[in-house]
Amino acid sequence: QVQLVESGGGLVQAGGSLRLSCAASGRTFSTTAMGWFRQAPGKERDVVAAIRWSGGTTYYGDSVKGRFTISRDNAKNMVYLQMNSLKPEDTAVYYCADSSRYYSGTYYLSRTSYYDYWGQGTQVTVSS
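Residues numbered from 1 in each chain as written. Predicted model: local features only at pLDDT ≥ 70, side-chain atom pairs only at ≥ 80, totals over all residues. Heavy atoms only, no water.

Another point: the packing of aromatic side chains. The geometry of an aromatic ring pair is captured by two quantities: the separation of the ring centres and the angle between the planes. Considering all chains together, one arrives at 7 aromatic pairs under this definition. Between Phe-37 and Tyr-115 the ring centres are 5.3 Å apart and the planes differ by 75 degrees, which places this aromatic pair in the edge-to-face class. One end of the pair, Phe-37, is in strand S4 (residues 33-39); the other, Tyr-115, is in the loop between strand S9 (92-99) and strand S10 (117-118), and 78 residues separate them in sequence. There is no split in this pair, since Phe-37 and Tyr-115 are both buried. Overall, Tyr-115 belongs to the buried group, its relative accessible area being 5%. These aromatic residues form a ring-pair network of at least three members: Phe-37, Tyr-103, Tyr-108, Tyr-114, Tyr-115 and Trp-118. Across the ring face of Tyr-95, the terminal group of Arg-45 is positioned such that the distance to the ring centre comes to 3.7 Å. (Phe/Tyr/Trp six-rings, centres within 6.5 Å; stacked < 30°, edge-to-face > 60°. Helix = DSSP H or I, 4+ residues; strand = E, 2+ residues; numbered from the N terminus. Buried < 20%, exposed > 50% of the residue type's maximum accessible area, 1.4 Å probe, protein only. Lys NZ or Arg CZ within 6 Å of the ring centre and 35° of its normal.)

And the structure:
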């Protein structure tokens, strides 16, 4: 069992930055990857970024490439999402996710079904 707690969300103006944090506890020794997903009102939950736990290989959603950076601290069981050049369309609830599965490639990192545990979410609001 893994518990995930997100923090760092808030209100920011367009063009600004935020850093989200996700603290993992429990059976974190089995974690193979963690990801960030977001869900805006009336929309599906979509991938933002993901990272493999061991090698650090990353995956980014098309809309955030070049603006967001995912990173991890294995020793602290923490995952971060640095969000720069924020746009109003980035407004959403951001969720941290954890998986103990492993597959080759990176596409699977973008699927919600790959992840077994989810945090409660943290609200990010970007104003014009």
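The subject of this paragraph is the nonpolar core. In terms of nonpolar packing, the biggest core is built from 27 residues, with Trp-36, Leu-81 and Tyr-94 touching the most fellow members. Among the secondary structure elements, those contributing two or more residues to this core are strand S1 (2-7), strand S3 (18-26), S4, strand S5 (46-52), strand S7 (68-73), strand S8 (78-83), S9 and strand S11 (122-127). Counting 9 residues, the second largest nonpolar core, distinct from the first, contains Val-47, Ala-50, Tyr-108 and Tyr-115. (Core = buried A, V, L, I, M, F, W, Y, C linked by side-chain atoms within 4.5 Å.)

This structure, assessed with the given rule, holds 1 disulfide. Bridging Cys-22 to Cys-96, the disulfide has an S-S length of 2.0 Å. The sign of the S-S torsion, about -85 degrees, decides the handedness of the disulfide formed by Cys-22 and Cys-96: left-handed. Here the residue Cys-22 occupies a position in strand S3, and Cys-96 occupies one in strand S9, the gap between them amounting to 74 residues. (Disulfide = S-S within 2.5 Å.)

Right, let's get into the sheet that holds S3. The antiparallel open sheet is built from 4 strands, whose spatial order is S1-S3-S8-S7. Of all the strands in the sheet, just S1 and S7 have a single pairing partner and so form its edges. Neighbour to neighbour, the strand axes of the sheet diverge by 15 degrees on average, direction disregarded. With 6 bridges connecting them, S1 and S3 associate as antiparallel partners. Its bridge partner lying in S3, Val-5 is registered against Ala-23. (Pairing = 2+ DSSP bridges. Axes fitted to C-alpha atoms, helices over the stretch in contact; angles between N-to-C directions.)

Looking now at the layout of surface pockets. As a volume, the largest pocket reaches approximately 220 Å³. Lining the largest pocket are 15 residues, with Arg-38, Lys-43, Asp-46, Ser-63 and Glu-89 sitting closest to its centre. Within the residue set of the lining of the largest pocket, elements represented by two or more residues are S4 and S5. Within the lining of the largest pocket, the residues separate by chemical class into 4 nonpolar, 3 polar and 8 charged. (1 Å grid on protein atoms, 1.4 Å probe; cavity = no way out; pocket = protein on both sides within 12 Å on 5 of 7 lines; lining within 4 Å. Points joined across faces, edges and corners; volume = space filled by probe spheres on them. Nonpolar A, V, L, I, M, F, W, Y, C, P; charged D, E, K, R; others polar.)

Geometry only, nothing functional implied.
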